[in-house]
Structure formats: C-alpha cells, structure tokens
Amino acid sequence: MPTLHTERLVLRPWRESDAATLYEYAKNPNIGPIAGWPPHQSIEESLDVIRNVFDGPEDYAIALADDPDTAIGAISLKLAGNSDFFPANDTTQAEMGFWIGEPFWGNGYIPEAARELLRRGFENLGLSAIWCAYYEGNTKSARTQEKIGFEPIRVTQNVPVPLCSTLNGTSSTTVRMWMLPNLRPTYPRSSACRKKSVTATVLLTSTTSSAATNMLPAITLTFGHRCLTATATKCS
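About the cut-offs
Residues numbered from 1 in each chain as written. Predicted model: local features only at pLDDT ≥ 70, side-chain atom pairs only at ≥ 80, totals over all residues. Heavy atoms only, no water. Salt bridge = Lys/Arg side-chain N within 4 Å of Asp/Glu carboxyl O. Helix = DSSP H or I, 4+ residues; strand = E, 2+ residues; numbered from the N terminus. Buried < 20%, exposed > 50% of the residue type's maximum accessible area, 1.4 Å probe, protein only. Pairing = 2+ DSSP bridges. Right-handed = clockwise from strand over helix to strand, strands pointing away.

Regarding the pattern of salt bridges
For step 1, the next point in the chain: As enumerated under the stated definition, the model contains 8 salt bridges in all.
For step 2, the next point in the chain: Among the salt bridges present, the one from Arg 51 reaches Glu 16, with a minimum N-O distance of 3.0 Å. With Arg 51 in helix α2 (residues 43-52) and Glu 16 in the loop between β2 (9-13) and α1 (19-26), the pair connects residues that are 35 residues apart, well separated along the chain.
For step 3, the next point in the chain: In this structure Arg 51 comes out as partly exposed when scored by relative accessible area, which is 43%.

Focus: the pairing of strand β5 (residues 93-100)
For step 1, the next point in the chain: Within β5, 7 of the 8 residues are buried, which leaves it mostly tucked inside the rest of the structure.
For step 2, the next point in the chain: By the bridge criterion, 6 bridges tie strand β4 (residues 67-78) to β5 in an arrangement that is antiparallel. Across the sheet, Ile 75 pairs through a bridge with Phe 98, a residue of β5.
For step 3, the next point in the chain: Note: β5 against strand β6 (residues 129-134), 4 bridges, orientation parallel. Residue pairing in the sheet places Glu 95 in a bridge with Trp 131 of β6.
For step 4, the next point in the chain: Where the polypeptide runs from β5 across helix α3 (residues 109-124) and back to β6, its parallel neighbour, the crossover connection is right-handed.

Any functional reading would require information beyond the geometric quantities listed.
This is the structure:
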C-alpha cells in the first residue's frame, strides 16, 4: 500500500500508534452518526477499528503534509466484495468513503484527498467506476461529492444502518446515488446535488461493465466523443 501526496496532505496507511488521535476526532458526535457509525467510546475501540476496519488495501489515514504522523481523518476505496453498490465479484468498481476531524472542516482537505484517490483508482488500479454515498442530512458530504464532480443517480429508501440503530431509534434510512464520467486524462474539479438518506455517487468510464450500467435503471448513458451524458432522477 503506497503513501500518496497532494499539495497539502499525505494519505498513508493507518498505524496502531494513530489510535489516540483517531479517538480524539472519532468520539465527536458530529462526525460518526452522519456517516453511519457511532462515536468511538475509547482509545481501545479506536485501536480495534484500525486493526479490523481500517485494514483494507486502500484504507488511508489523512494527515497534513507538515505533520504526516498525525492522522486527522480517513479516506478509502472499498473494492470488490466490500460494497453493496456493485456485484461482489466486480473488480472494476469501488466505493469511496471519507471523513475528517471537525477542527479541519472548511479547508477543502477532503476534496483534495478525494481527487488524489480518484486518480489512483482510475490510473493505478484500473477502475472503471467509483461510487460514493451519504446519508440524508449530511450536506457537507453532499457538497464534497458535488465539488469533485459526482452527479446524482438515484435514491434508495429504507437502507439498513445497524451501527446507528441505537442512536436514532431507527434501523434504516435513505440512500442517494451519483455519477461522474471519467473520459478525460484529468478529473473534473467541479460539477453537479441532498436529506437521513444515503446518496450514492458513481464515477464511470467508457469501459464501465454492462453489469454496472444495468444497476442504474433510472439512467440513460450516452457515450460521445469525449463526454457522457446522464439523465437521472433529480435529488429533491
């Protein structure tokens, strides 16, 4: 697993020594519940998350370039078998997830990290589609997806959220799906969509499998010379 660099950030593998810092930010009730997981209760719980959740091949700690040893957030690509957005045996797609500590909100760090991971996904991993999702009401995640070029695809109701069922008294919510064409050598830095729904976003390339497009019944895909147009159910 490589270490990735942007102008202001380092995306690196998680370390067990990150447990205390992870707990410092992940215990904040403004972070986890809107992303589908409860606030961390102890450093020991954060250590367990590092060992058993942040252990995927594309799970990165986000750190500032001038302080690479201090994790301030997380970003990942869930590959085949680890996402509900595409078939478990489809190695051409991935699902992106991210969060950052509240003291670092409003600085554009997540869009910066996400663009670098999108680049890696398409250029280095050979992916043809990348999805992203947010729960209804998570407007910060919605705006981030919009900034990096994701476009709305569909909304799915009654999505199970078992980790947070004890927090809000419900075990399900709504999902929203988004899409972005990836037919250019560089990735869009701006584009086009929002309720506790999940919005999913997907980045597609001209090589996206038929299985992937079959999962988007509300979408009409037209591949032109250098662009893709999508007609989708609009988010309200």
